[in-house]
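Structural overview for review
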Amino acid sequence: MPAPDWLSRHVADRPRPSRSTVVWLGALLSLWAVVYLRRLDTPLAVYDEGIYAASARLLLRTGSVLVPRIQGGLGGIEPHLFLEKPPLVIWLQAGSIALLGPTELAVRLPSVLFVLGTALLVFWWGARVVSRRAGGFAAVVFLATPHVFEGMNGGRDGATDPALVFFGTLSLALLWVGLTDRRGRYVVAAGVAGGLAALVKGVAVFTFVAAAVGLLVAYRDRVQIRPVVAAAGAALLVGGWWPALMWARFGERFVRPFLLDQVVGRAAESSVAFGTGYLTTLPWSFGPWLYLLGPLAVAVALAVRRTGDRSERVFAAWLGAWAALVFGVFALVGNHLWYVLPAYVPLALLVGWGLALTVEGDLPARVGVVAGTLATLFLSYRTASVHYPLVVLVGGALVALAPTLSSAASRFGLDAYPDAVRAVAACWLVLFAAGLTVPMYEFGGAYTQRSLGESIDQRTAGDATVHIGPGVGGGLYPLSFYAGRTFSTANASQLDSDREVRLAVVTNRTLAGLNRSHTAVRGGAGPGGNWSVVAFDSS
C-alpha cells in the first residue's frame, strides 16, 4: 500500500543526515552499548535502586499505581506507603519488569536508555550551537564520565537520577530552541519536559528551574511572555498533580517524608566538609576530563571573544553558570555525591567544544589539551578505580596533533572523512579506557539477598507471606524484589507457635533457638550477620 501523498512529500522534503552525522551516531551508539549494557545482571544494590525496584514489583503485585508502597525498611518491614519521591521512575520500572520479568536488566534498562537519550541530546545541542564535531566530542565526554558509567545512582543504576538529568536537559534544550528561534511551542514543550523532571524527583528539579531562569535572562530580548506563562503552567500541571493529590489525600503523612525529610532534613545534614567533598571527589567523578576542563574552558572563552559571535558567547557563559550553580547549591544543601550529576552535561559541552577547537587547529586549545593531558598523567594516580593515564596520553596526542595528521591524511586521499576518523578514534579510546575496566557499583549483602529471595520465589506460591524474624533488620529491598512476596514480621514466640508462619527469614542466632520442626533452605551473610531461609513443617 503506497504512503499518502502528504507523508511522501514530508519525508522527501526532510534533509538527509550527513555522512559525518551518521558516523558520529553510530560511534556513540557503539560506545553506549559496550559500556552501558555490560554486566547489568549483577545483584541489585540495597540503596537506592533496590528501593525503587522493590516498590515497582510491589506495584505489580498490589495494583496500587497512584500510591506507591514499599516493604523491607523505610518505615517498617511490612508493606506501607512510599511517598518520599514522585512515582514516574517506579512506573517505568514496573512497565519494564512487566515486559522483561523481574530481572536486574528490567530494573536498570530505563536508566541505561535515559543516559543514551541524554548523550544524544548533548550531541544535538553541541552540533546546533557549535559543530557536529563539538557535539560528538561532548557526547563522548558525557558517556565516559566515571560517575555516569560506574557511580552510585549513575547511568547503570536503577535509580531516579538518570531520568532527572534526561528530562531536565531536554527541558533546557527545548527552551533554548524556543528562545533562539522564537518558536513558542518549543517553550511550552520545555515546560512539559520540566514537569516530567519534577515527576521523577520532586524538588530536586530546582537546579534545572534556576538554569532555565538563567536562559530567560541571557536571551531576554527574545522572550515572549505568553509561551513562557504557558510553559510554567504546563510544568505545574505535569509535575504538580501527583504531589497535590497526595497532599490532599494524606496531609502531613505526605508532607513529612516528601518535603521535611527529603529536603529540609537532608539540607540540615549537609556541612561545609561534605560540600567541599563535591570538589575533592572530582578527580574520580569527572576524571580525566577535569584536567582538560580548565584549559579548554579558557580556550573556548578566547575563541568566542575572537569571533565576536554573541550567541556563542552567551551560550558558553551560561554553560559555566549552570555547572557552577549545581555545585554551589549542593555544596550548601547536599549530602550525596550523585546530586551533582546534572552538572556533567554543561561540563561535557564545554570540554567537547574545546576538543573541537583543538582539532580545528586553535592554538590555545591545543596547548590546553597538552597541559590537561600532562596533568592527567601526573595527578590521575589518585584515581584508583579508572585506568585512564596511558589512554589519555595517546588520546591527547591524537587530538592535539589532529591538524597535522589531517594534512598528512590528505596526501593519501583520506581527507574526505575527517570527522568519521575522529569519531571512531575517540570512541575507540573510550571503549578501551572505560568499557573494559568498569566495575558495577555493589553494596554488601546484595548477593545474599538475591540468593535468598530467589529460593523464596521458587518454593512458595505467589500469594504467600514471608515472615521476617527478629534481628534481621531493615534494608531488605533486594530481598523484597527477588522474593516477590508480601513481608510480615514475627517474633521468636510466633515463629515457634504460629502455624500460619510457613516460611521465614531469620538470623542464625534465632535459627539456633527454634524448637519447632523446620528445614533451613538457604543461608548466607547479610547486613548485620548471617541469615537463613527457614521452611517450617505444616504439622
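What counts, and at which threshold
Residues numbered from 1 in each chain as written. Predicted model: local features only at pLDDT ≥ 70, side-chain atom pairs only at ≥ 80, totals over all residues. Heavy atoms only, no water. Helix = DSSP H or I, 4+ residues; strand = E, 2+ residues; numbered from the N terminus. Buried < 20%, exposed > 50% of the residue type's maximum accessible area, 1.4 Å probe, protein only. Contact = heavy atoms within 4.5 Å. Areas by Shrake-Rupley, 256 points an atom, 1.4 Å probe, with all protein chains shown as cover. Axes fitted to C-alpha atoms, helices over the stretch in contact; angles between N-to-C directions. Left-handed = near helix turned anticlockwise from the far one by under 90°. Nonpolar A, V, L, I, M, F, W, Y, C, P; charged D, E, K, R; others polar. 1 Å grid on protein atoms, 1.4 Å probe; cavity = no way out; pocket = protein on both sides within 12 Å on 5 of 7 lines; lining within 4 Å. Points joined across faces, edges and corners; volume = space filled by probe spheres on them. pLDDT = per-residue confidence, 0-100. Parallel < 35°, antiparallel > 145°, perpendicular 65-115°, else oblique. Salt bridge = Lys/Arg side-chain N within 4 Å of Asp/Glu carboxyl O. Polar contact = N/O pair within 3.5 Å; in protein donor to acceptor, adjacent residues only side chain to side chain. Phe/Tyr/Trp six-rings, centres within 6.5 Å; stacked < 30°, edge-to-face > 60°.

Describing the overall build of the protein
Of the regular secondary structure elements, the protein holds 25 helices and seven strands. Among the 539 residues that make up the protein, the fraction classed as buried is 53%. Counting only contacts in the protein whose residues sit at least 6 apart along the sequence, the fraction spanning at least 24 positions is 76%. Accessible surface, the protein as shown: approximately 23,000 Å² in total, 64% of it carbon and sulfur.

Some details on the packing of helix 3 (residues 49–62) against helix 4 (residues 88–100)
The description of two packed helices rests on the angle between their axes and on the distance between the axes. Where helix 3 meets helix 4, the closest approach of the two axes is 8 Å, and the angle between their N-to-C directions is 65°. Helix-helix and strand crossings are classified by hand; for helix 3 and helix 4 the assignment is right-handed. The residues of helix 4 that touch helix 3, namely those facing Tyr 52, Ala 53, Ser 55, Ala 56, Arg 57, Leu 59 and Leu 60, are Ile 90, Trp 91, Gln 93, Ala 94, Ile 97 and Ala 98. Taken together, the residues of the contact of helix 3 with helix 4 break down into ten nonpolar, two polar and one charged.

Focus on empty space enclosed by the protein
Applying the stated rule across the entire model yields six cavities of 30 Å³ or more. Lining the largest cavity, in full, are Phe 114, Val 115, Thr 118, Phe 142, Val 148, Asn 153, Gly 154, Gly 155, Asp 161, Pro 162, Val 165 and Leu 341. Mapped onto the lining of the largest cavity, the elements with two or more residues apiece are helix 5 (104–129) and helix 8 (161–180). Taken together, the residues of the lining of the largest cavity sort by class into seven nonpolar, four polar and one charged. The calculated volume of the second largest cavity comes to roughly 50 Å³. Lining the second largest cavity are Asp 161, Leu 164, Lys 201, Ala 204, Thr 207, Phe 330, Trp 338, Tyr 339 and Pro 342. Here the lining of the second largest cavity is composed, by residue class, of six nonpolar, one polar and two charged.

Comments concerning the confidence of the model for the protein
Confidence in the prediction for the protein averages 83 pLDDT; 80% of positions are at 70 or higher. Contacts for the low-pLDDT stretch residues 6–13, under 50 throughout, to residues beyond four places or in other chains number one contact. Of the regions scoring below 50 in pLDDT, residues 382–390 engages in 17 contacts with residues more than four places distant in sequence or in other chains.

Observations regarding the packing of helix 2 (residues 19–36) against helix 5
Between helix 2 and helix 5, the least distance of the axes is 11 Å, while the angle of their chain directions is 150°. Judged on the interaxial angle alone, helix 5 and helix 2 are roughly antiparallel. For the element pair helix 2 and helix 5, the recorded crossing hand is right-handed. Along its contact with helix 2, which presents Thr 21, Trp 24, Leu 25, Leu 28, Leu 29, Trp 32 and Tyr 36, the element helix 5 presents Val 112, Leu 113, Val 115, Leu 116, Leu 120 and Phe 123. A per-class count over the contact of helix 2 with helix 5 returns twelve nonpolar, one polar and no charged.

Let's talk about the pattern of salt bridges
Tallying each qualifying case throughout the model produces eight salt bridges. Ionic pairing is found between Glu 104 and Arg 450, a salt bridge with its closest N-O pair at 2.9 Å. With Glu 104 in helix 5 and Arg 450 in helix 22 (residues 446–459), this residue pair connects regions lying 346 residues apart in the sequence. Between Arg 128 and Asp 181 there is a salt bridge, with the nearest N and O atoms lying 2.5 Å from each other.

Focus on the side chain of Asp 48
Checked against the element boundaries, Asp 48 lands in the loop between helix 2 and helix 3. The buried category is assigned to Asp 48, whose relative accessible area is 16%. Ignoring sequence-local partners within four residues, the contact set of Asp 48 consists of Met 152, Asn 153 and Trp 338.

Section: the side chain of Ser 55
Here Ser 55 is to be found in helix 3. On the accessibility criterion, Ser 55 (1% relative accessible area) is buried. Engagement of the side chain of Ser 55 in a polar contact is seen with the backbone oxygen of Arg 69, the distance being 2.9 Å. Leave out the neighbours within four places in its chain, and Ser 55 touches Pro 68, Arg 69, Ile 70, Phe 82 and Ile 90.

What about the packing of aromatic side chains?
In total, this model carries 23 aromatic pairs according to the counting rule given. Relative to Tyr 344, the ring of Phe 286 lies with its centre 5.6 Å away and its plane at 5°, an arrangement referred to as stacked. With a gap of 58 residues between them, Phe 286 in the loop between helix 14 (282–285) and helix 15 (289–307) and Tyr 344 in helix 17 (residues 344–359) connect regions that are remote in the sequence. The residues Phe 286 and Tyr 344 share a single accessibility class, namely buried. Residues Trp 338 and Tyr 339 carry aromatic rings whose centres are separated by 6.3 Å and whose planes lie at 85° to one another, so their mutual orientation is edge-to-face.

What to know about the environment of Ala 94
Structurally, Ala 94 is set in helix 4. Residue Ala 94 is classed as buried on the basis of its relative accessible area of 4%. Taking the C-alpha atoms as reference, Ala 94 lies 7.1 Å from Leu 59; in sequence the two are 35 residues apart. For Ala 94, the residues in contact, after removing those within four places along its chain, are Ala 56, Leu 59 and Leu 60.

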